[in-house]
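Chain and residue survey
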Amino acid sequence: QLLYCAKVDYENYEQKWGSSQPGDLQAVRRQRFEWTKLKLSKADLFITVGLDLETGWVPPLLNSARNARIQKGGDGYVDASLNVPLLQVPSSVNRAEGDIHIYGNPHYWLDPDNGRRVAKGIAGKLAEMDPADAAYFQQRDQDFEKRLAEADKKWLAEADKKWLAEMKPFLGRKVVTYHNSLPN
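Chains are numbered independently. Their residues run from 1 in the order of the written sequence. The predicted origin of the model limits local features to residues at a pLDDT of at least 70 and limits the giving and counting of side-chain atom pairs to 80 or more, whereas totals for whole chains, interfaces and linings rest on all residues. Side-chain figures throughout are based on the complete set of non-hydrogen atoms in the structure, without hydrogens or water.

Moving on, we get to the pattern of salt bridges. Should a side-chain nitrogen of Lys or Arg be within 4 Å of a carboxyl oxygen of Asp or Glu, the pair is scored as a salt bridge. Inspection of every chain in the model, using the stated rule, returns 9 salt bridges. Between Glu128 and Lys125 there is a salt bridge; the shortest N-O distance is 3.2 Å. Residue Glu128 and its partner Lys125 are located together in helix H4 (residues 112-129), separated by 3 residues, close to a single helical turn. Only protein chains enter the area calculation, which uses a 1.4 Å probe; residues under 20% of their type maximum are buried, those over 50% are exposed, and those in between are partly exposed. For Glu128, a relative accessible area of 53% corresponds to the exposed category. Taking the shortest distance from any N to any O, the salt bridge between Arg140 and Asp143 comes out at 3.6 Å. One end of the pair, Arg140, and the other, Asp143, are both in helix H5 (residues 134-157), 3 residues apart, so they sit about a helical turn from each other. Taking relative accessible area as the criterion, Arg140 reaches 41% and is therefore assigned partly exposed. On the accessibility criterion, Asp143 (24% relative accessible area) is partly exposed. Secondary structure elements are defined from DSSP: runs of H or I of at least 4 residues count as helices, runs of E of at least 2 residues count as strands, and each element is numbered from the N terminus.

Here is the structure:
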């Protein structure tokens, strides 16, 4: 089982969580924690972005799940960041610098090239866990690579020209961002 915890869907909030009041969010979080803990207790694989991005909620959740397979260092634990080149790794850490990522910028997954690396790492882990289906996982990874290459080609042919034309008036101007999500 692979688990993805989605945001609360307020349109279906009452149906899913028994209340239509977003003020009951604390109770909802507890329910979701218990549901997720139960799912993780039976999971064969857990994939984390890594680089301490999930440091506030993943360790307590994995510990509560009591599933040795998916604990850090376990056979079913995958740190997706291990296959990507790290960017913006600080040489020193100081609380005065605010919210910094001590292991490097964890937004690596926004780069399609890193998506390829992550997919290859996941396919490798799945093949390791299920050798009988290794060829299947390899083929799915190759299919993903092919689709990504086609999307890159299309984007370069169409969107790049359009975006460059639209952004030309802003060339050389400084941009203010909230968070450095695109360090490349």
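Another point: a nonpolar patch on the surface. A surface patch of nonpolar side chains, about 270 Å² in accessible area, is lined by Leu53, Trp109 and Leu110. Residue placement: Leu110 occurs in the loop between strand E2 (77-79) and H4. Nonpolar side chains (Val, Leu, Ile, Met, Phe, Trp, Tyr) are joined into patches within 5 Å and like charges within 9 Å, using only residues with over 30% relative accessible area and no salt bridge. Computed with the Shrake-Rupley method and a 1.4 Å probe, the accessible areas treat only the protein chains shown as cover for residues.

Take the confidence of the model for the protein chain next. Residues with a pLDDT of 70 or more make up 82% of the protein chain, whose mean pLDDT is 81. Confidence scores here are pLDDT values: one per residue, from the predictor, ranging 0 to 100. Per-element averaging of pLDDT across the protein chain places helix H1 (residues 13-17) at the bottom with 49 and E2 at the top with 93. Working rule for contacts: check all heavy atoms of both residues, and any pair within 4.5 Å makes them a contact. Confidence drops under pLDDT 50 across residues 1-11; counting only partners more than four residues distant or on other chains, this segment forms 19 contacts.

Glancing now at the packing of H4 against H5. Axis geometry follows a simple rule: fit a line to the C-alpha atoms, using only the stretch in contact for helices, then measure angles between N-to-C directions, giving values from 0 to 180 degrees. Orientation of H4 relative to H5, taken along the N-to-C sense of each, is 170°, at an axis distance of 8 Å. Between H4 and H5, the interaxial angle falls into the category roughly antiparallel. Facing Pro112, Gly115, Arg116, Ala119, Lys120, Ala123, Leu126 and Ala127 of H4, the residues of H5 in contact are Ala134, Phe137, Asp141, Phe144, Glu145, Leu148, Ala149 and Asp152. Here roughly perpendicular refers to angles of 65 to 115 degrees, roughly parallel to angles under 35, roughly antiparallel to angles over 145, and oblique to all remaining angles.

Following the sequence through the fold, Arg116 ends up in helix H4. Under the relative-accessibility criterion, Arg116 is labelled buried at 13%. Each polar contact in these results corresponds to two N or O atoms within 3.5 Å; when the atoms are within protein, one needs to be able to donate a hydrogen and the other to accept it, and residues that are neighboring in sequence are counted only if both atoms are side-chain atoms. A distance of 2.9 Å separates the side chain of Arg116 from the side chain of Glu145, its partner in a polar contact. Not counting chain neighbours up to four residues away, the residues in contact with Arg116 comprise Phe144, Glu145, Leu148, Ala149 and Asp152.

Before going further, it helps to spend a moment on unusual backbone geometry. With the exception of glycine, most residues fall at negative phi, and the peptide bonds are largely trans. Here Asp52, not a glycine, exhibits a phi torsion of approximately 65°, which is positive. Residue placement: Asp52 occurs in the loop between strand E1 (46-48) and helix H3 (58-65). One non-glycine residue with positive phi stands out, namely Gln88, at about 55°. Examined against the element boundaries, Gln88 turns out to sit in the loop between E2 and H4.

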